[in-house]
Amino acid sequence: MKVLVTGGCGYIGSHTVRALTAAGHQVVVLDSLVTGHRVALDERVPLIVGDLCDRQLLGELFQSERFDAVVHFAAFIEVGESVRDPLKFYENNVANTINLLQAMQVSGVRKLVFSSTCAVYGTPDTMPLVETMACNPASPYARAKYAVEWALDDSSAAWQLGYAALRYFNAAGAASDATIGEDHDPESHLIPNVLKVALGQRENVKIFGTDYETPDGTCLRDYIHVEDLAAAHVAAVEALQPGERRIYNTGTGVGASVREVIDVSRQVTGHAIPAIEESRRPGDVPRLFADSSKIQRELGWSPKYKELREIVASAWRWHQSHPEGYGDRRRSS
Ligand code: UDP
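The text that follows walks through the structure, step by step, so that each part is easy to find. From a predicted model like this one, the values you see are computed outputs, not experimental measurements.

**Some words on the sheet that holds strand β9 (residues 220–221)**
1) Next: The strand order across the open sheet formed by three strands is β12-β9-β14, and the pairing between neighbours is mixed. In this open sheet, the two edge strands, each paired with only one partner strand, are β12 (256–257) and β14 (287–288).
2) Next: Two strands pair when backbone bridges link them, and β9 and β12 are joined in this way by two bridges, in the antiparallel orientation. Considered in β12, the bridge of Arg221 is made with Ala256.

Dropping the structure here:
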């Protein structure tokens, strides 16, 4: 298949580009490089540096290339920023996705894999999360993702768009050869922040909230290896047919607490990793983990990395070999 990958220079995008290429697909990447990294992409993969707000560029691209499918990552990701500046998120994550969909509709491309989020569920009472549960997204980030899910659903009905919305849980880890990995600026995610302490770049890690109704009082999350997540995209795009609606939780089904992540990181790195207990971070929910039996059943996908220790070890190999990440940007923190 010939696949357009938007945001293919980002964290999950770059791992998915590799997985698609390894599976024999022809990939073209569209990335603005606002947050993505040119060096995360193999030189042999064509890169178009451009933004999804550029409708002329999209029109020309879909006219000149005959894509079979699109895998759409390009989006802003920081939840806290979405609360402070919601319209930035509605503009980029919703309006610009509409530009992409319009270009697809005009050129007859009817397969799309979309990066959604488990945050669309909000704060449900029961775990694990199942795709049929009611959605109640709480942040502008999650609402924008959910708004796109509706646009996909309506497009499926109206012009036979086939879509797979992958509701991601907590992506972590790095490529098995440690040549690409996680490099966000600023970095808000737990595992990289813990490992930056082990690298000596930070003095301690903050535990946001120790009074949650969980076994050890800290939040539980479902950490999924980025290569497993990439494999889910490949399986989805290969299975998809025009007009289909597929919504999948992509997690491992296992919840790990913040304290467990720090403990495992201590074992993996051999570093003491001092931790400081802080108050809750606004917007965090106590527990999020997936029932991913639907994608396992329908696509035959299952996570290869089942142990948190393997995921942390993989992230550690990347951070040790790339202490400054890709080293292509001046850091804000
Ligand atoms: N967290 C933490 N310290 C940090 C970063 C995150 O205690 O430096 C906690 C956060 O409050 C949440 C969990 O770790 O309970 C996972 O947060 P992350 O930002 O990695 O992912 P999220 O689940 O928010 O998408």
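Additional details are given in the paragraphs that follow.
**Concerning the packing of aromatic side chains**
1) Next: This structure, assessed with the given rule, holds four aromatic pairs.
2) Next: Between the aromatic rings of Phe62 and Phe67, the centroid separation amounts to 5.5 Å while the plane-to-plane angle is 70°, which identifies the pairing as edge-to-face. Each member of the pair Phe62 and Phe67 is classed as buried.
3) Next: Across from the ring centre of Phe76, 4.7 Å away, lies the NZ or CZ of Lys88, which sits over that ring.
4) Next: Above the ring of Tyr212, the side-chain terminus of Arg280 is found at 4.0 Å from the ring centroid.

**As for the site of the ligand**
1) Next: If you check the shell around the ligand, you find 14 residues, and the closest are Leu190, Lys206, Arg221, Arg281 and Asp284.
2) Next: The separation between an oxygen atom of the ligand and a polar main-chain atom of Ser188 is 3.4 Å.
3) Next: One of the backbone nitrogen or oxygen atoms of Lys206 is found 2.6 Å away from a nitrogen atom of the ligand.
4) Next: Elements with a contribution of two residues or more to the shell around the ligand: α6 (190–198) and β8 (205–208).

**Details of the environment of Thr126**
1) Next: Counting through the fold element by element, Thr126 comes out in the loop between β5 (111–117) and α5 (140–159).
2) Next: Note: C-alpha distance between Thr126 and Thr35 (91 residues apart in sequence) is 35 Å.

**Regarding the sheet that holds β5**
1) Next: Strand order in the open sheet formed by seven strands is β3-β2-β1-β4-β5-β6-β11, with parallel pairing between adjacent strands. Looking at strand neighbours, the two that pair on one side only are β3 (47–49) and β11 (245–250), the edges of this open sheet. Neighbouring strand axes in the sheet, compared pairwise and without regard to direction, differ in orientation by 20° on average.
2) Next: By the bridge criterion, five bridges tie strand β1 (residues 2–6) to strand β2 (residues 26–31) in an arrangement that is parallel.

**Let's talk about α5**
1) Next: With 20 residues, α5 should cover 28 Å at 1.5 Å per step; its first-to-last C-alpha distance of 28 Å lies within 8% of that length.
2) Next: Among the 20 residues of α5, 14 are classified as buried, and the element is accordingly described as predominantly covered.

**Side note on the pattern of salt bridges**
1) Next: Taken as a whole, this structure holds 13 salt bridges when the rule is applied.
2) Next: Arg259 is the salt-bridge partner of Glu277, the closest N and O atoms lying 3.0 Å from each other. Placement of the pair is Glu277 in strand β13 (residues 275–278) and Arg259 in helix α8 (residues 258–269), with a sequence separation of 18 residues.
3) Next: On the basis of relative accessible area, Arg259 is assigned to the partly exposed category, the value being 26%.
4) Next: Put simply, Asp263 and Arg266 hold a salt bridge, and the shortest N to O gap is 3.0 Å.

**Considerations on the pairing of β2**
Every other side chain in a regular strand lies on the same face of the sheet, so the side chains alternate between the two faces.
1) Next: Of all the six residues making up β2, five are buried; the element is thus mostly covered by neighbouring parts of the structure.
2) Next: In this fold, the crossover linking β1 to β2 by way of helix α1 (residues 11–22) has right-handed handedness.
3) Next: In this structure, β2 lies alongside β3, joined through three bridges in parallel fashion. Bridging from a neighbouring strand, Asp31 pairs with Val49 of β3.

**Observations concerning the side chain of Ser115**
1) Next: Here Ser115 is to be found in strand β5.
2) Next: Side-chain polar atoms of Ser115 contact the side chain of Tyr168, separated by 2.8 Å.
3) Next: For Ser115, the contacting residues outside a window of four places in its chain are His72, Phe73, Lys145, Leu166 and Tyr168.

**Re the nonpolar core**
1) Next: Counting 32 residues, the largest nonpolar core has Val5, Ile12, Leu20, Val29, Val71 and Val113 as its most contacted members.
2) Next: The set of elements that each furnish at least two residues to this core consists of β1, α1, β2, β4 (69–72), β6 (162–168), α7 (226–239) and α9 (293–299).
3) Next: Of all the elements, α7 adds the most residues to this core, at seven residues.
4) Next: If we ignore the near neighbours within four places in the chain, the residues touching Leu20 are Val3, Val5, His25, Val27, Val71, Val234 and Val237.

**Things to note about the packing of α6 against helix α10 (residues 308–321)**
1) Next: At their nearest, the axes of α6 and α10 sit 10 Å apart, and the two run at 55° to each other. One finds that α6 runs oblique with respect to α10. As α6 runs across α10, the sense of the crossing is right-handed. Side by side, α6 and α10 meet where Ile191, Pro192, Leu195 and Ala198 of the first sit next to Val312, Ala315, Trp316 and His319 of the second.
2) Next: Classifying every residue of the contact of α6 with α10 by side-chain character gives seven nonpolar, one polar and no charged.

Each value, and the rule that gives it
Residues numbered from 1 in each chain as written. Predicted model: local features only at pLDDT ≥ 70, side-chain atom pairs only at ≥ 80, totals over all residues. Heavy atoms only, no water. Pairing = 2+ DSSP bridges. Helix = DSSP H or I, 4+ residues; strand = E, 2+ residues; numbered from the N terminus. Phe/Tyr/Trp six-rings, centres within 6.5 Å; stacked < 30°, edge-to-face > 60°. Buried < 20%, exposed > 50% of the residue type's maximum accessible area, 1.4 Å probe, protein only. Lys NZ or Arg CZ within 6 Å of the ring centre and 35° of its normal. Near = heavy atom within 4 Å. Polar contact = N/O pair within 3.5 Å; in protein donor to acceptor, adjacent residues only side chain to side chain. Axes fitted to C-alpha atoms, helices over the stretch in contact; angles between N-to-C directions. Expected span 1.5 Å × (residues − 1). Salt bridge = Lys/Arg side-chain N within 4 Å of Asp/Glu carboxyl O. Right-handed = clockwise from strand over helix to strand, strands pointing away. Contact = heavy atoms within 4.5 Å. Core = buried A, V, L, I, M, F, W, Y, C linked by side-chain atoms within 4.5 Å. Parallel < 35°, antiparallel > 145°, perpendicular 65-115°, else oblique. Left-handed = near helix turned anticlockwise from the far one by under 90°. Nonpolar A, V, L, I, M, F, W, Y, C, P; charged D, E, K, R; others polar.

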